Amino acid sequence: MRHSTVVLLAAAALCCAAPALAQETSPEGTVRRGGAFLSGDKDSAKLQRYEVMPENKATIDVDFDWNLGRGLYIAGATKNALFDDERIGLEFGRRAGFKAGLFYTRSPNWISNTARSYFTDIGGDVFTIPAAIHSQMPAAANLSGFASYAVPVDLRVVRRTTGAYTSVPFGEGFTFTAKYQDEQRSGHMPQTWGSGFSSVVELPVAVDYSTRNADFSLEYADKDLFLRTTAFVSSFRNGYDRIVWENPNQYLTPTASAPTVLQTATAPDNRAFNVDVSASYNLPARHRITALVGIGQMRQDQALLPYTSNSAIALSNPAALPVGNADGKIDTTLYTLKLTGDPIPLLGYSLSYRYYDMDNRSPEIDLTPVQGDAGSAGADTTDPIGWKKVTWKAELHVNAAAWLRVGIGYDHDKWDHQGRAVASNTQKTVRGFADVQFAQWVGLHASYSDVKFTADCIEEDCAIEDEAAGATHFDIAERKTKRYDAVLTVTPLDGLSIGLTAAQDKSDYEDSVFGLTYRKTHSYGLDVSYAFGETFSVYGGYVKDKMDWDQASRYRAVSPPAQVDNPLNNWFAQTRDDNKTWSLGADWKAIKDKLSFSADYTKSDGSSAQQCIPVYGTVPANELYQGNCIFPAPPAGTFGTPQTWPEVDAKFTWLKVKGYYTFSKALSAGLEFWKYKFEGVDWASDMTQIYMGGYDPSAAKFVFMGVKNPDYDAKIFRAYLDYRF
């Protein structure tokens, strides 16, 4: 609100001063005043997650451009001013010359208004639970009888961005630009943590983020040469360095294995800097060369939290840490070089090179986990992660005929890793494309890529093939990928256009034991539009997306008496996601320059299903067989039988109908009807309770906020007047 007022006052001051700048002015613009009425499930957070639906409140939108004389102008716009999704901007300058502007935006993210929590934030992201719960522990043993103590929590975050910019041309071909942006995020969002003693807690964490960015550039351009140097500076500040909460499952007095207060670190304060120089030059025979050199730095030196917040353990003293601060340092280097040419009409080519180095210079820190508070004691060392990537690309295209253009290309990517399970990865891509114009009204674009991704191992047994590590290293696992896409455009009649699209991306992880073993996405689409002269047009479309992926893992018992790691405990999961979207619309200019109507309808139907297939085998008597991914102890005889997770469905419907009438050059009116509908089935969120122990005995120490995504069916009526000046 404060920033909005500042911008509006500045706009008013400049507008009032404008007549002094010139004797003749010509303001042009539009003022829209409107309002809305909502009915149905209008209070759904999901309905208004990213936009505000103001009810019984007037909205005023302004858009103007004012010529001040002598080539000067002032322009501005407001959208939903004074609401959480407002946009305000103001610009002053000279046509084809300098300009300077201010802007302010707000963007909401309303996550849920159905959440409830046992925890109360007493300030600084420190959460307590009611004394009545403490007083009845440990006799109560769990939280099943305390549902009445949970209080409503509004999970909503608003991002406020204020900024200024300028662009100043000078000399012959030079331009200086600068931009500053201040982004603030505040509100509450859900975050979940688990601890080493089988406790999971979800909290309504307060958000207090501040990000400030500034970038500057100096450019020079003539008919053959372009030069630019840029500098970018960024800083991030988190208002909270930790989150602290009382353990709802433990006693008032901590012991070595039963802390009463837990804590975790938040995103650390950090800063970044980058500078680069780029150039582009036209060479003879229709060639052009482009180059860029850039360097950057990222730093963060947040104070480390103690090993534990459990005062019954000596290592809760920060002095027990080997170092006091993180001393995080990353340096980046970027070089690019590209040559393109079309020396003759028959063919053209491009060659490019790119080098990127993310050098993580953060120190390795030797840490000692705390016995009883986070698992077994033992040494651990932080492992800074970085990489170097070198990319070569080459492409040749041939204009084989007036109706045919074909091309082939080869890409070679090489990663050298720092702190990863493999020393390096190599990716080789062979690709081709064709553009075919079969007739004046039929055109086809098609492309194909064959990708081979390999890994070079640090040790003799590659970590991505190691059974224990494979599940967490699928991004660097060896795989083969094939991609294709095609677009067919048909225009058989004047006004009629038909488009068909198809695409597929398939990867096989043939050597992966665990983690992702197969992935396939494919999409098909149809678009049709027809214009009946200049007054009426219709359009529609259909898109089907399907995603399949297979995963594998193993249940590993870690608690006595069943500390086992047996291949018989493997399981395999197959996930299938489908989404279908239909769209239909029409535009009608009923009375030329007077009355128009439009309608848009979209329906989306998405679903997700997963099957788990446990491995069947004989289990030694002293081992625990849990080779399935749904229930911890399946009945005898079910091993090897596919078990299906409950399906997840989400259906959205949008309908927007608009009528617009122009009374005169200065006055128009609009009337709109919107229908938003959501129907969803999500077993994970639908079953979530504030205290999960009452629903699932195996989750006796799980505390959530009961966040739901309830269905909604809302209708919005909007009316407004536009005044043009």
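Computed from a predicted model, the values in this text were never measured in an experiment.

Conventions and cut-offs
- Residues numbered from 1 in each chain as written.
- Predicted model: local features only at pLDDT ≥ 70, side-chain atom pairs only at ≥ 80, totals over all residues.
- Heavy atoms only, no water.
- Helix = DSSP H or I, 4+ residues; strand = E, 2+ residues; numbered from the N terminus.
- Areas by Shrake-Rupley, 256 points an atom, 1.4 Å probe, with all protein chains shown as cover.
- 1 Å grid on protein atoms, 1.4 Å probe; cavity = no way out; pocket = protein on both sides within 12 Å on 5 of 7 lines; lining within 4 Å.
- Points joined across faces, edges and corners; volume = space filled by probe spheres on them.
- Pairing = 2+ DSSP bridges.
- Phe/Tyr/Trp six-rings, centres within 6.5 Å; stacked < 30°, edge-to-face > 60°.
- Lys NZ or Arg CZ within 6 Å of the ring centre and 35° of its normal.
- Core = buried A, V, L, I, M, F, W, Y, C linked by side-chain atoms within 4.5 Å.
- Buried < 20%, exposed > 50% of the residue type's maximum accessible area, 1.4 Å probe, protein only.
- pLDDT = per-residue confidence, 0-100.
- Contact = heavy atoms within 4.5 Å.
- Patch = residues over 30% accessible without salt bridge, like charges linked within 9 Å, V, L, I, M, F, W, Y side chains within 5 Å.
- Salt bridge = Lys/Arg side-chain N within 4 Å of Asp/Glu carboxyl O.
- Lys, Arg positive; Asp, Glu negative; His and termini not counted.
- Charge placed at Lys NZ, Arg CZ, Asp CG, Glu CD.
- Polar contact = N/O pair within 3.5 Å; in protein donor to acceptor, adjacent residues only side chain to side chain.

(A) Structural detail: the overall build of the chain. A tally of regular secondary structure across the chain gives three helices and 34 strands. Working note: accessible area of the chain is about 38400 Å², and carbon and sulfur atoms make up 59% of it.

(B) Representation of empty space enclosed by the protein within the structure. Summed over the entire model, instances satisfying the criterion amount to one cavity of 30 Å³ or more. The volume enclosed by the largest cavity comes to roughly 40 Å³. Considering the residues around the largest cavity, the lining is formed by Ser44, Ala45, Lys46, Ile111, Ser112, Asn113, Thr114, Lys708, Asn709 and Pro710.

(C) Structural context of the sheet that holds strand S7 (residues 126-128). Read across the sheet, four strands follow the order S6-S7-S12-S13 without closing on themselves; strand pairing throughout is mixed. Whereas interior strands pair on both sides, the edge strands pair on one side only; in this sheet they are strand S6 (120-121) and strand S13 (261-265).

(D) Quick look at the packing of aromatic side chains. Summed over all chains, the structure comprises 23 aromatic pairs. When the ring of Trp415 is compared with that of Phe453, the centres are 5.5 Å apart and the planes differ by 55 degrees; the resulting orientation is tilted. Here the residue Trp415 occupies a position in strand S21 (residues 404-418), and Phe453 occupies one in strand S23 (residues 442-457), the gap between them amounting to 38 residues. Ring geometry for Phe702 against Phe704: centres 6.3 Å apart, planes inclined by 85 degrees, an arrangement best described as edge-to-face. Feature note: the residues Phe652, Trp654, Phe678 and Tyr712 constitute an aromatic cluster, connected by ring pairs. When the ring centre of Phe453 is taken as origin, the NZ or CZ atom of Arg479, which lies over that ring, is 3.9 Å away.

(E) The nonpolar core, seen in detail. Tyr118, Phe119, Phe127, Trp193, Leu203, Ile243 and Trp245 are the most contacted members of the largest nonpolar core, which has 17 residues in total. Of all the secondary-structure elements, those providing two or more residues to this core are strand S10 (200-221) and strand S12 (242-246). The leading source of residues in this core is S10, at three residues. Within the second largest apolar cluster, 10 residues are counted, among which are Ala36, Tyr712, Ala714 and Ile716.

(F) Seen up close, the confidence of the model for the chain. The share of residues in the chain with pLDDT of 70 or more is 83%, and the mean pLDDT across the chain is 85. Element-level mean pLDDT values for the chain span from 43 in helix H1 (residues 2-21) up to 98 in strand S11 (residues 225-238). Scored below 50 in pLDDT, residues 1-23 makes 25 contacts in the model with residues more than four places away or belonging to other chains. Confidence drops under pLDDT 50 across residues 630-639; counting only partners more than four residues distant or on other chains, this segment forms 13 contacts.

(G) Layout of the pairing of strand S3 (residues 72-79). In terms of burial, S3 is largely enclosed, as six of its eight residues are buried. Note that strand S2 (residues 59-69) and S3 share seven bridges and pair antiparallel. Each residue of the ladder has a partner; that of Gly69, found in S3, is Leu72. Between S2 and S3, which pair antiparallel in sequence order, lie two residues; one of them, Arg70, sits at a positive phi of approximately 55 degrees. When S3 meets strand S4 (residues 87-94), the two strands line up antiparallel, connected through eight bridges.

(H) Region of the structure containing a negative patch on the surface. On the surface, a cluster of negative charge is made up of Asp41, Asp43, Glu679, Asp686 and Asp711. Tracing the chain through its elements places Asp43 in the loop between strand S1 (26-40) and S2.

(I) View of the side chain of Glu91. Structurally, Glu91 can be placed in strand S4. There is no salt bridge for the buried Glu91, and the closest opposite charge comes from Lys99, which lies 4.7 Å off by N-O distance. At 2.6 Å, the side chain of Glu91 forms a polar contact with the side chain of Tyr73. At a separation of 2.5 Å, a polar atom in the side chain of Glu91 contacts the side chain of Tyr165. Setting aside its immediate chain neighbours within four residues, Glu91 contacts Tyr73, Ile74, Ala75, Lys99, Ala100, Gly101 and Tyr165.

(J) Highlighting the pattern of salt bridges. Considering all chains together, one arrives at 28 salt bridges under this definition. Across the pair Asp208 and Arg237 runs a salt bridge whose closest N-O atoms are separated by 3.5 Å. Residue Asp208 is found in strand S10, and its partner Arg237 is found in strand S11; the two are separated by 29 residues along the sequence. Across the salt bridge formed by Arg431 and Asp411, the nearest N and O atoms sit 2.9 Å from each other. In this pair, Arg431 is assigned in strand S22 (residues 422-439) and Asp411 in strand S21, connecting sequence segments 20 residues apart. When its relative accessible area of 9% is taken as the criterion, Asp411 is described as buried.

(K) Just the side chain of Thr333, in detail. Following the sequence through the fold, Thr333 ends up in strand S16 (residues 328-344). Taking relative accessible area as the criterion, Thr333 reaches 19% and is therefore assigned buried.

(L) Seen up close, unusual backbone geometry. For Asn80, which is not glycine, the phi torsion reads 55 degrees and is therefore positive. Mapping Asn80 onto the fold places it in the loop between S3 and S4. Backbone geometry at Arg286 places phi at a positive 55 degrees, although glycine is not the residue there.

(M) Spotlight on the environment of Pro204. You can see Pro204 is positioned in strand S10. In this structure Pro204 comes out as buried when scored by relative accessible area, which is 4%. Separated by 85 residues in the primary sequence, Pro204 and Phe119 place their C-alpha atoms 8.1 Å from one another. Every residue in contact with Pro204, bar those within four places of it in the chain, is listed here: Ser117, Phe127, Val153, Leu155, His188, Met189 and Met705.

(N) Representation of a nonpolar patch on the surface. A contiguous nonpolar patch, built from Val168, Phe170, Phe174, Phe176, Phe216 and Leu218 and spanning about 470 Å² of accessible area, is present on the exposed surface. Among the elements of the structure, strand S8 (151-170), strand S9 (174-194) and S10 are those that each provide at least two residues to the nonpolar patch. With respect to the helices and strands, the residue Phe216 is situated in strand S10. You can call Phe216 partly exposed: its relative accessible area is 38%.

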